[in-house]
Amino acid sequence: MHPPLDSNTRNQIRGLEDLLHQKEAQLALLTEIAEIVANEEGLDTAFAIIAERARAQLDAKTVTIPLLSPDQTSYTYRAAAGLNAEELTGAELPIEVGLCGWVLRHRKPWWRGTLESLEENERNYWEKKAGNIILVPLVGKRHFLGGIAAIDKQDDSNFTEHDLELLVMFSRQIGLAVENAMYVEELQITTERMEAYRKQLEQSIQQLAKTNEDLEHLALHDPLTGLPNRSLVIDRVQQAILTARRNQKPMALLMLDLDHFKEVNDTLGHLVGDKLLICVGERFQNSLREPDTLGRLGGDEFAVVLPRANQKDALIVAEKLRDALQHPIDIDQNSFSIAVSIGISIYPDHGSDPSSLLRSADIAMYVAKRTRNEFSVYQPEYDAYNPDHFSLLHDLREAIRQGEISVAFQPIFDLHNDTVTGMEALARWHHPEMGDIPPYEFIPILEQTGLIKAFTLQILEKTIEYCMYCQQHDMELKVAVNLSIRNLRDDKFPEQISEIISRYSFNCQQMILEITESAIMHNPKHSLGMLKHLDEMGLKLSVDDFGTGYSSLNYLKRLPLNQLKIDRSFIKDMAKNEDDAMIVRSIIELAHNLGLNTVAEGVEDKQTLEQLRTLNCDMVQGYLVSRPLSPDGFLHFMTSSPWATRFTVPLTDADD
Ligand code: C2E
Ligand code: CA
Ligand code: CA
């Protein structure tokens, strides 16, 4: 289908592919490390992943990560991957010993070529001793951390200078992330170590003290409200449990969630939402006493740790917290009446460690929200209400059966015609008791249970119905519908979609099916068959969230695709971040070279839109143009918004 490419273009594509590959892998790895550390899975997991990534990149039998001890007299294999990984991990050796020792002492890379630079004695020694190894230093911003060593190629060939360059680059990329992660870990483990660290840098002690403070605060506090974050809350719960156990007294944990906060955030914007959270935090804080800890767990979720409190005390505090929000909060001329749902769990009745207490309080809060009681104390029967248990699934099944899932439409703006030419259909579920439930909460449940198949067909049908309605108003728009990985596996899917299309005599050419990059690449061979089938039916295919998965570019070329949707994470900061802008540029060029058009997702400001226009992006979608709209809202938008009016024929009164 694609036009033939000359060798120049092919080389260009290959260059771009390589670059993109590197950038993607680099980004994915850094994100992964940051996530692992943030999720408190700990450094060991992060290091194991790093070792495995390096091993795969170099095609080595073994990769080890030797780290210098704080006094620099020894090193420890903090992680290893591949052959003998288990035996190696954890081994500690004096700095005088081995090739690792050599590299850590000399602080420069080792590979076979290094031999030539050595004096005769040393050269003879290492010539016999060093096997097929490359070893490069791992350096952070402030510290020499250790090294990364690759031992033996899988195919038993010698490591090349290119391998050395790869490893040096790899090590440079992760150095800073590793150092930051290690630093946070250190802070948490021992204050002693921090003392030693301070002494080491006596001259710049003042500046350093400030840096330390900031870092510690950052690691343990929520930047928006300045309240303790989840880690610190968990720590306080742990302390309270220990004290309670010693005194054989109870303690209580309260979990608080604001009602309908999301609506405020969505309608009035994050700035207002943020201010509201800060005010709410202050109100809560003012109704607590000295030993109590108020923290923000994330989003609109707060927690209160009450050392020495029993259930009765906890209920009294819950009442105070509720009353703290009795008076409306004024922000920028708006007055907000906001309510809170509170779940309570008590040690030792509802859990004996922080995570089970948190879980119990969470479930109780969920019940409070569901039953519209302001607070509820955990009971074992409530486990059935656990959001990730059956009840939501039950409601969801019912909602699909009753056709209660609705569809919102977000305009897609064409940069060539300067008008809206299409839209994306996005599912919306309004739960009768819990209010709007966002897709990222219910789509995974649908996917796990297979309900997604019926669901997708329902969305497709509603969307087509709506398109026909738009056509009656003289609007012929392209429409994108999201598919799930399960639809790709479902051999009946093409037939079912074709049945709906012919039932409505809908023009296939208008329909674009969006499939996430990770779903396509999960099993590209299988995807190929399904996508070919859909392509032959005349449907258009788009790769959603492009840039977040690991695309096999080989397959990208072979799959019958029409479009790449560049993930919001790259668009978000591209105006400020050159790396992101560079990635976006590469993706657009790659797409065009492959004959695909591009949509940038999540465009929120004019500057980004203009930047994308310069980069030759074809379409944009995002809050700048419009949020997803109800069907009526979309029609109104098309006839009144300057983004769209060039395209549409105005409605006559009779149509209203
Ligand atoms: P997606 O396909 O990447 O859809 C775009 C999401 O980004 C939508 O969130 C949209 O509201 C949001 N968005 C659009 N412009 C902006 C912007 O400028 N800034 C920000 N911050 N966000 C923006 P939504 O509707 O919550 O959907 C989330 C995800 O749920 C979708 O991501 C998609 O993966 C999934 N989803 C939604 N509807 C369906 C469906 O019918 N079927 C399937 N399989 N998945 C769906
Ligand atoms: Ca999508
Ligand atoms: Ca997307």
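Residues numbered from 1 in each chain as written. Chains lettered and ligands numbered in written order. Predicted model: local features only at pLDDT ≥ 70, side-chain atom pairs only at ≥ 80, totals over all residues. Heavy atoms only, no water.

(A) Geometry of the domain arrangement of the chain. Parsing the chain into structural domains produces domain 1 (7-189), domain 2 (230-385) and domain 3 (400-568 + 625-644). Between the C-alpha centres of domain 1 and domain 2 the distance comes to 44 Å. (Domains from an automatic or database assignment.)

(B) Expanded view of the coordination of the calcium ion (ligand 2). The calcium ion (ligand 2) binds to the protein through Glu424 (OE), Asn482 (OD1), Glu514 (OE) and Asp544 (OD), with metal-donor distances spanning 2.1 to 2.3 Å. Sequence positions of the residues that donate to the calcium ion (ligand 2) give the spacing E-x57-N-x31-E-x29-D. Between the two metals, the calcium ion (ligand 2) and the calcium ion (ligand 3), the spacing is 4.1 Å, and Asp544 donates to both. Taken together, the positions of Glu424 in strand β14 (residues 419-431) and Asn482 in strand β16 (residues 478-482) put the pair 58 residues apart, joining distant regions of the chain. In this structure Asn482 comes out as partly exposed when scored by relative accessible area, which is 28%. (Donors = N, O, S within 2.8 Å, 3.2 Å for Na, K, Ca; no water. Helix = DSSP H or I, 4+ residues; strand = E, 2+ residues; numbered from the N terminus. Buried < 20%, exposed > 50% of the residue type's maximum accessible area, 1.4 Å probe, protein only.)

(C) Geometry of the nonpolar core. Leu513, Leu534 and Leu612 are the most contacted members of the largest nonpolar core, which totals 94 residues. When residues in this core are grouped by element, the largest group, nine residues, is from helix α16 (residues 452-472). Aside from chain neighbours lying at most four places away, what touches Leu513 is Leu460, Val481, Leu483, Ile497, Leu534, Leu539, Lys540, Leu541 and Ser542. (Core = buried A, V, L, I, M, F, W, Y, C linked by side-chain atoms within 4.5 Å. Contact = heavy atoms within 4.5 Å.)

(D) Here's a closer look at the site of ligand 1. The environment of ligand 1 is made up of 22 residues, and the closest members are Gln410, Arg428, Arg568, Glu604 and Tyr623. One nitrogen or oxygen atom from the side chain of Arg568 is found 2.8 Å from an oxygen atom belonging to ligand 1. Bound to the protein, ligand 1 loses 84% of the 800 Å² it would expose on its own. At four residues, β14 tops the list of elements feeding residues into the shell around ligand 1. Looking at the shell around ligand 1 residue by residue, the classes come out as 10 nonpolar, five polar and seven charged. (Near = heavy atom within 4 Å. Polar contact = N/O pair within 3.5 Å; in protein donor to acceptor, adjacent residues only side chain to side chain. Areas by Shrake-Rupley, 256 points an atom, 1.4 Å probe, with all protein chains shown as cover. Nonpolar A, V, L, I, M, F, W, Y, C, P; charged D, E, K, R; others polar.)

(E) Representation of the coordination of the calcium ion (ligand 3) within the structure. The coordination sphere of the calcium ion (ligand 3), as far as protein atoms go, consists of Asp544 (OD), Asp545 (OD), Glu601 (OE) and Glu601 (OE), spread over 2.1 to 2.5 Å. Between consecutive donor residues of the calcium ion (ligand 3), the sequence gaps follow D-D-x55-E. For Asp545, a relative accessible area of 24% corresponds to the partly exposed category.

(F) Representation of the packing of aromatic side chains in the model. In total, this model carries 13 aromatic pairs according to the counting rule given. Ring geometry for Trp102 versus Trp110: centroids 5.1 Å apart, planes at 80 degrees, classification edge-to-face. The residues Trp102 and Trp110 share a single accessibility class, namely buried. With 6.2 Å between their ring centres and 75 degrees between their planes, Phe442 and Phe455 make a pair best called edge-to-face. Taken together, the positions of Phe442 in helix α15 (residues 439-449) and Phe455 in helix α16 put the pair 13 residues apart, joining distant regions of the chain. Put simply, the rings of Phe409, Tyr466, Tyr469, Phe634 and Phe637 pair up and form one aromatic cluster. The ring of Phe144 carries Arg107 above its face, with NZ or CZ at 4.1 Å from the centroid. (Phe/Tyr/Trp six-rings, centres within 6.5 Å; stacked < 30°, edge-to-face > 60°. Lys NZ or Arg CZ within 6 Å of the ring centre and 35° of its normal.)

(G) Structural view of the sheet that holds strand β7 (residues 293-298). Ordered by their spatial adjacency, five strands build an open sheet running β7-β8-β6-β11-β12, and the pairing between neighbours is mixed. Two strands bound the open sheet, and with one partner strand each, they are β7 and β12 (375-377). Looking at each pair of strands side by side, their axes are set apart by 20 degrees on average, direction ignored. The pairing of strand β6 (residues 251-258) with strand β8 (residues 301-306) spans six bridges and is classified as antiparallel. Considered in β8, the bridge of Leu256 is made with Phe302. (Pairing = 2+ DSSP bridges. Axes fitted to C-alpha atoms, helices over the stretch in contact; angles between N-to-C directions.)

(H) The pattern of salt bridges, seen in detail. Overall, the coordinates contain 23 salt bridges when judged by the stated rule. Note that Arg296 and Asp222 form a salt bridge whose closest N and O atoms lie 3.0 Å from each other. Taken together, the positions of Arg296 in strand β7 and Asp222 in the loop between α8 (205-220) and α9 (230-247) put the pair 74 residues apart, joining distant regions of the chain. As a salt-bridge pair, Arg503 and Glu461 come within 3.1 Å of each other at their nearest N and O atoms. In this pair, Arg503 is assigned in helix α18 (residues 493-504) and Glu461 in helix α16, connecting sequence segments 42 residues apart. The partly exposed category is assigned to Glu461, whose relative accessible area is 23%. Several salt bridges share partner residues, and in doing so they unite Asp418, Lys606, Glu610 and Arg613 into one network. (Salt bridge = Lys/Arg side-chain N within 4 Å of Asp/Glu carboxyl O.)

(I) Local environment of the sheet that holds strand β4 (residues 133-139). Spatially, β3-β2-β1-β5-β4 is the arrangement adopted by the five strands of the open sheet, whose pairing is antiparallel. Edge strands, defined here as strands with exactly one partner in the open sheet, are β3 (92-94) and β4. Pairwise comparison of adjacent strand axes, ignoring direction, gives a mean angle of 25 degrees for this sheet. Bridging between strand β2 (residues 74-82) and β3 involves three bridges; their strand directions are antiparallel. Counted as the bridge partner of Tyr75 is Leu93 from β3. Packed onto the sheet, helix α2 (residues 43-58) meets β1 (60-68), β2, β4 and β5 (144-153) and runs at close to 140 degrees relative to β1. Where helix α4 (residues 98-106) meets the sheet, its contacts fall on β1, β2, β4 and β5, and the angle it forms with β4 comes to roughly 40 degrees.

(J) Layout of unusual backbone geometry. Looking along the chain, the bond that leaves Tyr347 and enters Pro348 is cis, with omega of 5 degrees. With respect to the helices and strands, Pro348 occurs in the loop between β11 (340-347) and α13 (354-371). One non-glycine residue with positive phi stands out, namely Gln248, at about 50 degrees. Tracing the chain through its elements places Gln248 in the loop between α9 and β6. In the Ramachandran plot, Arg308 falls in the positive-phi region, its phi being about 65 degrees despite a non-glycine side chain. For Arg308, the location among the structural elements is in the loop between β8 and α12 (311-324). Overall, Arg308 belongs to the exposed group, its relative accessible area being 61%.

(K) Highlighting the pairing of β14. Of all 13 residues in β14, 11 are buried, a share of seventy percent or more. Counted between consecutive antiparallel strands, the loop separating strand β13 (residues 406-414) from β14 contains four residues, among which Asp418 sits at a positive phi close to 55 degrees. Pairing of β14 with β16 involves four bridges; the strand directions are parallel. Bridging across to β16, Ala425 finds its partner in Val481. Two strands pair when backbone bridges link them, and β14 and strand β15 (residues 435-437) are joined in this way by three bridges, in the antiparallel orientation. Paired with His431 across the two strands is Gly435, which belongs to β15.

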